[in-house]
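Inside the fold
Listed below, chain by chain, are the residues.
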Amino acid sequence: MRARLAGFSLERPGTLDEALGMLAASKERLTLLAGGTDLYVYLNAGVARPGRWLDLWGLDELRGIHEVGDHVVLGALTTYTELRASELIRGALPLLAQAAATVGAVAIQNRGTLGGNIANGSPAGDSLPPLLAYDAEIGLRSARGRRFVPFDRFYTGYRASVAAPDELIEQIRIPLGAGSSSRACRFVKVGTRAAQAISKVVAAFVLGRAGDGTVDHCRAAFGSVAPTPVRLRRLEQHVIGKRIDPALIRTSSDVLLSEIAPIDDIRSTARYRRFVARTAWQRFMEEVPGL
Amino acid sequence: MRLVGTSAPRAEGEAKLTGRARYVDDLPLTDFLWGLTVRSTIPYGRILSVDFDAGADWSGVTIVTAKDVPGKNVVVLLEQDQPILAADRVMHREEPIVLLAHRDRDRLWELASRVRIEYERWEPVLDIDASLALEQRLFKDDNVFKAIRIDKGDVEAAFARAARVFERTYETGLQEQAYIENQGMVATWDAAAGRLEVVGSMQCPYYVLKGLCPIMGLAPEKVVVEQAATGGAFGGKEDYPTILAAHASLLSYKSGKTVKMIYDRVEDLVATTKRHPCRTRIRTALDASGSILAMDVDATMDGGAYCTLSPVVLSRGTIHAGGPYNFENIRVESRVVATNTPPNGAFRGFGAPQTIFAMERHMDNLARELGRAPHELREEYLLRPGQTTAFSQNVGDDVYALDIQREAVARTRFEERRRECEEFNRSSRWERRGIGLATFLHGAGFTGNGEVVLDSRLKVDVTADGFVQIYSANTEMGQGKDTTFSQIAADSMGLPMARVRIITPNTARVPNSGPTVASRTAMVVGYLVQEACGAVRKALEAHAGRTWRDPDDFASLAAAHHRERGALEGWSRYEPPPGKVWDDKVYRGAAYGAYAWACYVAAVRVRLDTLEVTVESFDAFQEVGRVLNPVIAEGQIEGGVVQGIGYALCEEVKMRDGVMANANFTNYIIPTFADVPEVKVHFAERPYPFGPFGAKGIGELPMDGPGPALASALTHALGVEVNRIPATPEHLLELLGNE
Ligand SMILES: Cc1cc2nc3c(=O)[nH]c(=O)nc-3n(C[C@H](O)[C@H](O)[C@H](O)COP(=O)(O)OP(=O)(O)OC[C@H]3O[C@@H](n4cnc5c(N)ncnc54)[C@H](O)[C@@H]3O)c2cc1C
């Protein structure tokens, strides 16, 4: 391990309130530790920020998947294993369960959390496009209170978010109808290998049609094609009110390409990412049931 | 009971499963320091100054620079161009400059960041073209560590009468050995006794010994090198451990304490050796009917900043470039050049996978060009008994190329499946399928007169309580050598395996039976085990006047021998097989004592929306003389094929400014089980008279076939020639050219 552990301290609050109190009282920025599957990698590489770490793992207030009114509410500590196992998620929000199944391998799925994926803010985070496609809201909590931020306004730039230093992610709230089974949907992950892979492109699509066959609902969300996960609003607008046919698939693909800005990096090329983003969308549209 | 040919359980298996086996990081040490290496941050330039930040706490820190080397600051290998610590000039990124040791491992990385090294930067040479263009002179006048030429027949005349010439260029990339256990070493300098002891992860204890003596200025008797349990190597622990051993020794020499150095994965990836990248151009002279008149092969490898083992890698690559074919006229010209990148080194296959890739892809492309099936064109040129290889070795009856390919084609239903793929491809919207093969040979043991020069010796003794002990320098690194040696010894002595012990390779206790490389251990050294056992057996039978009935009887005869005649031991020494002559000057003759012959068949499915490749089936057919232990032999082939699938499809070392930019297993992508199909292994056996119980070497063989077989299958699937590996989806997109 390249980190010098003497520079770190770990504290374990017993309750959420205690944790919020510590956040409020601290002058230095605290590091919140959930499953540790990102943070421990940073420690090993010697790039983790030294200082006080707050271990959230024992806070049961941050766990659980519940139906509350017309929302599904997920605690920030919800693990990928829990997402995969949940009947509610599999039925109402299947893209989230599918995404969870592609993360790392079993050990990572047992420890890795939804809140950690969101807060870590990697543009390649696999749960993030489904959350965008499902109109998720992030519930932030501090000693000052609770506020909800629509997920597509959560990030302000590469690995930067609206969360204040004294705030933590408490929960994720998703409208129950977002994943309605009357809508076509698809999760696409193109990773570097079949398992234990970071996404080169990740996407989630949801598409609903009116009785006359025209598109009346569309969400297209991508990861790894921009500094943050993105919803392609122009693409969505382009297909609303239209019938799916080869011409629409073609024109919408052009809109898609104009709306993403992938880069060359050590995992892939901008060219490949553009190609895959387009074909993923094309294939989804071609294969919308009942076409 | 005969043990050879059975899947006897692993001799060292229990110790590894129960955690009793001690890898270097597990060795119990008291009162020791941790060592760390401070490395260059530029690829080429002059070192202007090395300073130690006055703001840092340097108490208790041992610091070693080139000035502290007691002997010669040089890694003695084929050339003497590499310093053990850079003194005034750096030739590549991550070159060792300063060594630090401290009791507290936690502090070392931070201390390393407080060593300030100033450079004068020079424009680096980062690839083959820049090296050949002599943008900088890095090695002698021409940047060429070694050049080789092989000639058979009259290539010029054949090209002069050719109706046409078919030319292609093939490329293979760097590859990382990716052993599970990173490099690690512990050194203890005993100043009072003037003695140095080194224990660590390694393939070749005597190489480490030989390398340490000049650096430390010590006579060989004053240095002892021992192998700890070793978690994989694949060539990566052939030459590099000498460097790490020397670093730990230098720190121990200066501090007077035991020093332990264990690389983490990132350091191991950026600093240690990799497979040589290679570019091969092949020109073929064809007559009007499409017959091959001549082959003209030109291969260039990138050796990195220092010579290391590159000439030998080039040699094996050059010899294997002509494949298992009888071409009347063939020329192979090759060279390995210097660049400002970390030195490349030994890796399973040792140059052969690179040139075999080129030749097999070329035969495939030729077949496509001529409108013939890939196996049909090969059939015409595969070596028959009595024909000669590119390096003019008459293979006599020791040839199995045609048989193995025919068996592979028949048993995989190759022709039928080719048609099925083509049928499928006509109707599928989003997928393509393809099937391909590669036919090849791999020579076992050192090249040419190499085994004679090694002059390997091996000892076996029998204890007074009736245990047979094998003393060899050959190392167990996961490949199963302890087991196969035990089987050979047990059968030679007519005893159960439990009566055989393997003596830990330690240069003070075992004779030099040569390095554990080049698929030589089972075949060459295994034969020495058999012979030494034979000598012991004869001596004991002569003394007793009879042979033994069972292990207890054996023990009583051994006890009697110890009482009446003293210790009982037998020696063996390498003898070349008769009639094998090699001329190193013109690269002609018996390059190897024996060859394994193979044909690998791979089928792939490609998604057109992502260009991701699924390997649908993999069949590996090979003739290996004799299978000593089926589970171990199959394991070697399966593992090698998986490593080969990685080489072919996903393992890409991304160099940026002379250093590996994707230096972790998140971004250097080796296959997982989810990426590989069941590898079906098929052995044919025709015993080789100079291998133990007929065995030939197989360790490197499976590294040769997957690259060309998979590229052939991809070409079949996609209709574009895949002539470069790794054939990543990104590369396939470039080939297909669509946006
Ligand atoms: C081998 C391996 C494979 C992986 N594979 C994948 C993959 O396929 N796909 C993928 O998307 N990711 C992958 N990851 C990354 C990681 O597992 C995920 O990002 C995971 O969701 C992180 O969750 P965690 O609870 O472990 O986060 P931690 O490491 O504990 O924290 C991550 C970040 O989130 C912050 N944080 C955590 N919880 C909160 C909270 N409640 N409020 C505010 N901030 C918080 C932390 O301070 C830290 O900055 C992989 C990691 C490893 C080691």
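Residues numbered from 1 in each chain as written. Chains lettered and ligands numbered in written order. Predicted model: local features only at pLDDT ≥ 70, side-chain atom pairs only at ≥ 80, totals over all residues. Heavy atoms only, no water.

1. Focus: the confidence of the model for chain B
- In this model, chain B carries an average pLDDT of 97, and 100% of its residues clear a pLDDT of 70 or more.
- Both confidence scores are given for the complex: pTM 0.97, ipTM 0.97. (pLDDT = per-residue confidence, 0-100.)

2. Some remarks on the interface of chain A and chain B
- Each partner contributes to the interface: chain A provides 30 residues, whereas chain B provides 36 residues.
- Taken over both partners, the interface formed by chain A and chain B buries close to 3,000 Å², and the fraction arising from carbon and sulfur atoms is 47%.
- Where chain A meets chain B, there are six salt bridges.
- Counting the contacts that link chain A with chain B gives 16 residue pairs in polar contact (both at pLDDT 80 or more).
- Mapped by element, the contributors of at least two residues to the side of chain A that touches chain B are β11 (184-191) and α11 (270-286) of chain A. (Contact = heavy atoms within 4.5 Å. Buried area = accessible area lost by both parts, 1.4 Å probe. Salt bridge = Lys/Arg side-chain N within 4 Å of Asp/Glu carboxyl O. Polar contact = N/O pair within 3.5 Å; in protein donor to acceptor, adjacent residues only side chain to side chain. Helix = DSSP H or I, 4+ residues; strand = E, 2+ residues; numbered from the N terminus.)

3. Description of the sheet that holds strand β10 (residues 168-175) of chain A
Residues and elements named next belong to chain A.
- On the basis of which strands lie adjacent, the open sheet formed by five strands has the order β4-β5-β10-β6-β7 and antiparallel pairing. Lying at the two open borders of the sheet, with one neighbouring strand each, are β4 (65-68) and β7 (145-150). Pairs of neighbouring strands in the sheet enclose a mean axial angle of 25°, with direction left out of account.
- Pairing of strand β6 (residues 137-142) with β10, which is carried by five bridges, proceeds in the antiparallel orientation. Across the sheet, residue Gly139 finds its bridge partner in β10, namely Gln171. (Pairing = 2+ DSSP bridges. Axes fitted to C-alpha atoms, helices over the stretch in contact; angles between N-to-C directions.)

4. Comments concerning helix α17 (residues 630-649) of chain B
- The end-to-end C-alpha distance of α17(B) is 28 Å, a good match for the 28 Å that 20 residues give at a rise of 1.5 Å each.
- Two or three places before Val631(B), at the start of α17(B), stands the capping residue Asn629(B), its side-chain oxygen 3.2 Å from that residue's backbone nitrogen. (Expected span 1.5 Å × (residues − 1).)

5. Quick word on the site of the ligand
All names here are of chain A.
- Residues in close proximity to the ligand total 30 residues, the closest being Leu32, Thr37, Asp38, Tyr80 and Thr113.
- Gly36 has a polar backbone atom sitting 2.7 Å from an oxygen atom of the ligand.
- One of the backbone N or O atoms of Ala197 is found 3.2 Å from an oxygen atom in the ligand.
- Within the complex, the protein chains bury 87% of what would otherwise be the 970 Å² of accessible surface of the ligand.
- Of all the secondary structure elements, the ones that give two or more residues to the shell around the ligand are β2 (31-33), α2 (39-45), α6 (106-111), α7 (114-120) and β10.
- Here the shell around the ligand gets four residues from one element, more than from any other, and that element is α7.
- Looking at the shell around the ligand residue by residue, the classes come out as 14 nonpolar, 12 polar and four charged. (Near = heavy atom within 4 Å. Areas by Shrake-Rupley, 256 points an atom, 1.4 Å probe, with all protein chains shown as cover. Nonpolar A, V, L, I, M, F, W, Y, C, P; charged D, E, K, R; others polar.)

6. What about the domain arrangement of chain A?
Residue and element names in this part refer to chain A.
- The assigned domain composition of chain A is domain 1 (5-55), domain 2 (61-178) and domain 3 (182-290).
- For domain 2 versus domain 3, the separation of C-alpha centres amounts to 21 Å.
- On the domain 3 side, the residues contacting the 25 residues of domain 2 number 25 residues.
- Both sides together, the interface formed by domain 2 and domain 3 hides about 1,900 Å², and carbon and sulfur atoms give 64% of it.
- For the pair domain 2 and domain 3, the interface holds five salt bridges.
- Asp152 serves as the salt-bridge partner of Arg231, at 3.6 Å between the closest nitrogen and oxygen.
- The interface formed by domain 2 and domain 3 contains nine residue pairs in polar contact (both at pLDDT 80 or more).
- Elements with a minimum of two residues in the side of domain 2 that touches domain 3: α5 (94-102), α8 (128-133) and β8 (155-157). (Domains from an automatic or database assignment.)

7. Structural notes on the side chain of Glu730(B)
- The topology assignment puts Glu730(B) in helix α20 (residues 729-736).
- Exposure remark for Glu730(B): the relative accessible area of 11% places this residue in the buried category.
- Ignoring sequence-local partners within four residues, the contact set of Glu730(B) consists of Lys200(A), Arg267(A), Ser268(A), Thr269(A) and Tyr272(A). (Buried < 20%, exposed > 50% of the residue type's maximum accessible area, 1.4 Å probe, protein only.)

8. Overview of the domain arrangement of chain B
Residue and element names in this part refer to chain B.
- The domain architecture assigned to chain B consists of domain 1 (13-20 + 456-573), domain 2 (31-122 + 183-262) and domain 3 (278-447 + 584-737).
- For the pairing of domain 1 and domain 2, the buried interface totals around 1,300 Å² over both sides, and the portion due to carbon and sulfur atoms is 57%.
- Our enumeration of links across domain 1 and domain 2 arrives at zero salt bridges.
- Across the domain 1-domain 2 interface, the total number found is nine residue pairs in polar contact (both at pLDDT 80 or more).
- Of the residues in the side of domain 1 that touches domain 2, the class split is eight nonpolar, seven polar and one charged.

9. Some thoughts on the packing of aromatic side chains
- Applying the stated criterion across every chain yields a total of 26 aromatic pairs over all chains.
- With a centroid separation of 6.5 Å and an interplanar angle of 35°, the aromatic rings of Tyr272(A) and Phe275(A) are classed as tilted. You can see Tyr272(A) and its partner Phe275(A) sitting in helix α11, three residues apart, about one turn around the helix.
- Phe275(A) gets classed as buried once you look at its relative accessible area, which sits at 3%.
- Ring centres of Tyr325(B) and Phe327(B) lie 5.4 Å apart, and the angle between their planes is 35°; this geometry places the pair in the tilted category.
- Of the aromatic side chains, those joined through ring pairs into one cluster are Phe391(B), Trp582(B), Tyr587(B), Tyr592(B), Tyr595(B) and Trp597(B).
- The ring of Trp109(B) carries Arg2(A) above its face, with NZ or CZ at 3.6 Å from the centroid. (Phe/Tyr/Trp six-rings, centres within 6.5 Å; stacked < 30°, edge-to-face > 60°. Lys NZ or Arg CZ within 6 Å of the ring centre and 35° of its normal.)

10. Concerning the sheet that holds strand β12 (residues 258-262) of chain B
Residue and element names in this part refer to chain B.
- The strand order across the open sheet built from seven strands is β3-β5-β1-β12-β9-β10-β11, with neighbouring strands paired in mixed fashion. One side of each edge strand has no neighbouring strand; the edge strands of this open sheet are β3 (62-64) and β11 (223-227). Ignoring which end each strand starts from, the neighbouring axes of this sheet average 20° apart.
- Strand direction decides the pairing type here: β3 and strand β5 (residues 96-102), joined by three bridges, are antiparallel. Of the residues in β5, the one forming a bridge with Thr62 is Ala101.
- Against the sheet, helix α5 (residues 205-216) makes contact with β10 (195-200) and β11, and its axis sits at roughly 150° relative to β11, the strand it touches most.
- Helix α6 (residues 240-255) rests against β1 (32-39), β3, β5, β9 (184-190), β10 and β12 of the sheet, and its axis sits at about 40° to β9.

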